[in-house]
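One-letter residues, chain by chain:
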Amino acid sequence: VAIPPLPVKRQSYNGHTCTRTKVAILGAGIAGITTAQALHNQSISDFVIVEYQDTIGGRVHNADFGKGPDEAPFIVEYGANWAQGLGSPGGPENPIWTFEKKWNISNTPSDFDKFLTYNESGAFDFLDELAAFEAIMDKLDAEAGEILLNNLQDRTVREGLSLVGWKPEQRPNPRAADAVEWFVWDGEQSYTPAESSLVFGAAVSNFTFKQYSDENNFIIDQRGHNTWIKGEASLYLSEDDPRLMLNTIVTNISYSDQGVIVVNEDGSCIEADYAVCTFSIGVLQHDVVTFEPALPDWKHTAIEMFQMGTYTKIFLQFPYKFWGNDSALADIQFFLYADPIQRGWYPIWQSLDTEGFFPGSGILFVTVVNRESYRVERQSNEDTLAEVMEVLRSMFPDIEVPTPDYIQYPRWTQTPWAYGSFSNWPPGTTLEMHQNLRANVDRLWFAGEHTSSSYFGYMQGAWFEGRDIGGRLAGLLGAECTNEGPGDGACGEMEHYETLHGTTTADEYDIGNGWDTSSFQEDGVIVVSYDGE
Ligand SMILES: Cc1cc2nc3c(=O)[nH]c(=O)nc-3n(C[C@H](O)[C@H](O)[C@H](O)COP(=O)(O)OP(=O)(O)OC[C@H]3O[C@@H](n4cnc5c(N)ncnc54)[C@H](O)[C@@H]3O)c2cc1C
């Protein structure tokens, strides 16, 4: 494809001369780093990567916390913490798991058998309720499969659950039912069942946990989880490579069918044949970047239609392992708490003071999501501490719970380079709506976990999308596009839908709409098969 000439080169912008490049990659998270790598693999080296933070990795983001045995702080992961869905012998392997192994990222499998349940009066066994909900989830999958394959209208996960016979208020213990439902659904998608798409919520879970495997390995690497992303970047970026512009905040993107001009907060600018914006949907929804011209209706609507969930891990370091005195608790990894009043009130607690994690550390962390994330992220650490201590004291009434030495947690809802944790699909979504989120607008392209229809919310989603866009741009820049997949549309410009049809026909589940593996139904469950490519 011949590249039309760019408009007359701007000599300067606010006194700065624009850097001239073929591809401006906006963001150095997994999608950005992978886009650049895909270009590099096709011998295209004329790109720049612009990044807000002072490091590579994006939402694979860590912080120093507390104190270790040598007085140095631990590194804990504020963002992506698990490699999810690793792969099984003879089956496909999750590419993220391949990278974790390649870069020797230390990790320990989460063991969901080391799991106890609690309510406001202390230990209270409702594991049977968890088993009952997991059985219901299989029925829910079958329901989602019916809708997907017959091109019926999507519905909420809550409606789906009711239809397959799960109504928390009618369970023997409604609050325990709330807790297990939160753990399995909200704790993974960071939205409630009432706010989530049945079809695509079921599909995204199956693509990762049925296509690969149901394993979740928790990263404990003291170099930081982002070591694998930095490692991959080091294969094509030299140390102090001028193509990586850290600490640079993009504020304005002007685009046309001729090229793109990116202007940064410091006044610097980049003039490119193409740009790839990998900012989260949270950033896009916050209007921190001005687009000129304004994004067309179909794109703007798509950005507003999908949602950004928040997942907040609150880290606590106690002077000693107060829950470990009783040998029955010593190697427990998960404590699930059913609050009597508020669903999702400090529900899941995880011990890091356990073999394979940080033994001797006294560290526990508790996770909240969604509205609770907004609430705790707005309040002070002290206010949160008072709430968590009250919960812990009711969970462990026979144990003297000491005050922690340290409490710390991220404020994802307020972080200006993320504005939330990961995306989720609301009820009633279709592949066409999502394709409008993915599709390029002239020479401005988009990539990230949120543009993945099969793996949204996961690191693998960002990786597949980065690779896809890098491949397409390589093709448009005259090199070979090596992307492949079922159906047409793996290379070249993306299609978008000016008119949405409200449902998704079977033939639309193809690579052109970002559905990168074939799906079929077996025993009523959406199962995905991998084409081995
Ligand atoms: C709390 C949390 C828990 C998670 N847990 C898991 C998990 O266990 N397993 C899993 O697989 N996934 C998990 N994820 C999701 C995973 O982290 C993401 O899917 C993935 O990292 C997204 O990569 P990305 O490249 O799409 O976006 P990002 O990583 O957000 O990359 C975009 C980059 O753009 C930069 N940027 C933003 N705005 C600007 C601007 N104006 N100018 C310049 N640069 C800008 C950002 O700093 C960032 O580096 C979690 C995420 C969070 C936050």
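Residues numbered from 1 in each chain as written. Predicted model: local features only at pLDDT ≥ 70, side-chain atom pairs only at ≥ 80, totals over all residues.

Let's shift gears to the site of the ligand. As a matter of local geometry, the ligand sits amid 40 residues, with Gly 27, Gly 29, Gly 58, Gly 448 and Glu 449 nearest to it. Those elements giving two or more residues to the shell around the ligand turn out to be helix H1 (30-41), strand E5 (82-84) and helix H14 (459-476). Here the residues of the shell around the ligand sort into 23 nonpolar, 14 polar and three charged. Two domains each put at least three residues into the shell around the ligand: domain 1 (19-58 + 226-306 + 420-507) and domain 2 (62-84 + 104-219 + 311-417). (Near = placed C-beta within 6 Å. Helix = DSSP H or I, 4+ residues; strand = E, 2+ residues; numbered from the N terminus. Nonpolar A, V, L, I, M, F, W, Y, C, P; charged D, E, K, R; others polar. Domains from an automatic or database assignment.)

UniProt feature "binding site: FAD" (unreviewed entry): in the numbering of this structure it lies at Val 250. Along the chain, Val 250 turns up in strand E11 (residues 250-255). Look at Val 250 and you get buried, because 25 C-beta atoms sit within 10 Å. When sequence neighbours within four positions are dropped, the list of residues in contact with Val 250 reads Leu 26, Val 50, Val 262, Asn 264 and Val 289. (UniProt positions renumbered as here; feature names shortened; annotations may be inferred. Buried ≥ 20, exposed ≤ 12 C-beta atoms within 10 Å, placed from the backbone. Contact = placed C-beta atoms within 7 Å.)

Moving on: the domain arrangement of the chain. Accessible area lost when the parts come together is the quantity often used to give the size of an interface. As assigned here, the chain comprises domain 1 (19-58 + 226-306 + 420-507) and domain 2 (62-84 + 104-219 + 311-417). Look at where the C-alpha atoms of domain 1 and domain 2 centre, and you get two points 31 Å apart. With 27 residues of domain 1 at the contact, the number on the domain 2 side is 27 residues. Elements supplying a minimum of two residues to the side of domain 1 that touches domain 2: helix H7 (227-234), strand E21 (422-424) and H14. Here the residues of the side of domain 1 that touches domain 2 are counted per class, giving 13 nonpolar, 14 polar and no charged.

Take helix H2 (residues 95-102) next. Within H2, the full set of buried residues consists of Ile 96, Trp 97, Phe 99 and Glu 100. In a view along the axis of H2, the buried residues occupy a sector of 160°, so they form one face of it. Close packing links the buried residues of H2 with E5, strand E6 (107-109), H7 and H14. Positioned one or two residues after H2, Asn 104 has a phi angle of 50°, which is positive. (Arc of directions from axis to C-beta.)

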